[in-house]
Amino acid sequence: MKNIVILISGRGSNMEALIAARDKGELPVNIAAVISNKADAKGLETAAKAGIATRVLEHKAFASREAFDTALLALIDEFAPDLVVLAGFMRILTPDFVRHYEGRMFNIHPSLLPAFPGLHTHQRALAEGVRIHGCTVHFVTAELDHGPVVIQAAVPVLADDDEDRLAARVLQEEHRIYPQAVRWFAEDRLHLVDGRVQVSGAAADFTRLISPT
Ligand code: NHR
Ligand code: GAR
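From a predicted model like this one, the values you see are computed outputs, not experimental measurements.

S.K.: Please set out helix α1 (residues 13–23) residue by residue, giving values where relevant.
M.R.: Along an α-helix, residues three or four positions apart point the same way, because every turn accommodates 3.6 residues. When we look at burial in α1, the residues that qualify are S13, N14, M15, A17, L18, I19 and A21. Where α1 is buried, its residues meet β1 (2–8), β2 (29–36), α2 (42–49), β4 (83–86), β5 (105–109) and α6 (163–186). After α1 finishes, the residue G25 shows a positive phi value of roughly 80°.

Right under this line is the structure:
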């Protein structure tokens, strides 16, 4: 079974969705550790209650991004992960760190990339007046929020939406697609071809059905 390490900075509801999927037998991975760059991240308690090893590495204790990333890499590798899962992790990672985990690090981003990379995505989607918003799981590359897309989910923007309501509706979809993406990885069904992700097996058949060429 593959090992995963989850990185969080806060609430950790995406992490919880992964734990729940594992507990239901829908996600065949060993969650080796949950690591936070913030000591007060609520998700740390949730992970500890689930019996998962937790670690804190505070970025504030380091003089530079490079120094933090070097220590973070060493800490993560103690758990020998096959996949590193960013789940609401709020620190931009240096190119050397990203290269070390190339093809084996996921992020979930609360927009339909390539729209709205970076922060405050729901507020920006509302300000632009887009009718469709959503979330994206992608492989992490050095360019922020630009890595190959693994899976996306679309969420309608309603006339009376505010940031909180829209964020909550997107979050529900995040909790559905993140376990799905990690499951595909665990099943060795993801293949990078020319910088794009192919999903082998039933999902690929489904893709052909809904977009005939
Ligand atoms: N690192 C790289 N190299 N590439 C990506 O695609 C990354 C990444 C690190 C994190 C998550 C990302 C998101 O999904 C992510 C993707 C933090 C920031 C940010 O500006 C932006 C995007 C993401 C995460 N962070 C500030 C910083 O200076 C700190 C903000 C804070 O602490 O609140 O690092 O949106
Ligand atoms: C999620 O919406 C996630 O997509 C987003 O933060 C939230 C974390 O929630 N991530 C980013 O904005 C990364 N910059 P969670 O801690 O409950 O999973």
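On we go.
S.K.: Could you give me a rundown of the packing of aromatic side chains, with the residues and numbers involved?
M.R.: Tallying each qualifying case throughout the model produces four aromatic pairs. The interplanar angle of 80° and the centroid separation of 5.8 Å between the aromatic rings of F106 and F185 together place this pair among those described as edge-to-face. Remark: F185 occurs in helix α6 and F106 occurs in strand β5; sequence separation between them is 79 residues.

S.K.: Got a sec to walk through the pairing of strand β9 (residues 196–199)? Specific residues and values, please.
M.R.: Residue alternation in β9 divides its side chains into a buried set, V197 and V199, and an unburied set, R196 and Q198. Across four bridges, strand β8 (residues 190–193) lies against β9 in antiparallel orientation. The residue of β9 that forms the bridge with L190 is V199. Taking the residues that link successive antiparallel strands as the turn, the β8-β9 hairpin has two residues, and the phi of D194 there is positive, at about 50°.

S.K.: Please set out the side chain of H109 residue by residue, giving values where relevant.
M.R.: Position of H109 among the secondary structure elements: in strand β5. Taking the relative accessible area as the measure of exposure, H109 reaches 3% and is therefore buried. At a separation of 3.4 Å, a polar atom in the side chain of H109 contacts the side chain of D145. When near neighbours in sequence (up to four residues on either side) are disregarded, H109 contacts F116, P117, G118, T121, C135, T136, H138 and D145.

S.K.: Talk me through the site of ligand 2; I want residue IDs and the actual numbers.
M.R.: Looking at ligand 2, the residues that line it are R11, G12, S13, N14, G88, M90, I108, P110, L119, L171 and E174. A distance of 2.7 Å separates an oxygen atom of ligand 2 from a polar side-chain atom of E174. About the coverage of ligand 2: the protein hides 86% of its 450 Å² of free accessible area. For the shell around ligand 2, the secondary-structure elements that each account for two or more residues are α1 and α6. Its residues assigned to classes, the shell around ligand 2 shows five nonpolar, four polar and two charged.

S.K.: How would you summarise the environment of A181 if you had to cite specific residues and measurements?
M.R.: With respect to the secondary-structure elements, A181 resides in helix α6. Spatially, the C-alpha atoms of A181 and I108 are 9.9 Å apart, while their sequence positions differ by 73 residues. Those residues within four positions of A181 in sequence are excluded, and the remaining contacts are F106, V137, V150, I151 and L190.

S.K.: How would you sum up the nonpolar core? Please name residues and give values.
M.R.: By size, the foremost hydrophobic cluster in this structure holds 40 residues, and its most contacted members are I6, F106, V137, V150, Y178, V182 and L190. When residues of this core are assigned to their parent elements, the largest contribution, nine residues, is made by α6. Of all hydrophobic cores here, the second largest spans 20 residues; its members include A32, L86, V98 and Y101.

About the thresholds
Residues numbered from 1 in each chain as written. Chains lettered and ligands numbered in written order. Predicted model: local features only at pLDDT ≥ 70, side-chain atom pairs only at ≥ 80, totals over all residues. Heavy atoms only, no water. Buried < 20%, exposed > 50% of the residue type's maximum accessible area, 1.4 Å probe, protein only. Helix = DSSP H or I, 4+ residues; strand = E, 2+ residues; numbered from the N terminus. Contact = heavy atoms within 4.5 Å. Phe/Tyr/Trp six-rings, centres within 6.5 Å; stacked < 30°, edge-to-face > 60°. Pairing = 2+ DSSP bridges. Polar contact = N/O pair within 3.5 Å; in protein donor to acceptor, adjacent residues only side chain to side chain. Near = heavy atom within 4 Å. Areas by Shrake-Rupley, 256 points an atom, 1.4 Å probe, with all protein chains shown as cover. Nonpolar A, V, L, I, M, F, W, Y, C, P; charged D, E, K, R; others polar. Core = buried A, V, L, I, M, F, W, Y, C linked by side-chain atoms within 4.5 Å.

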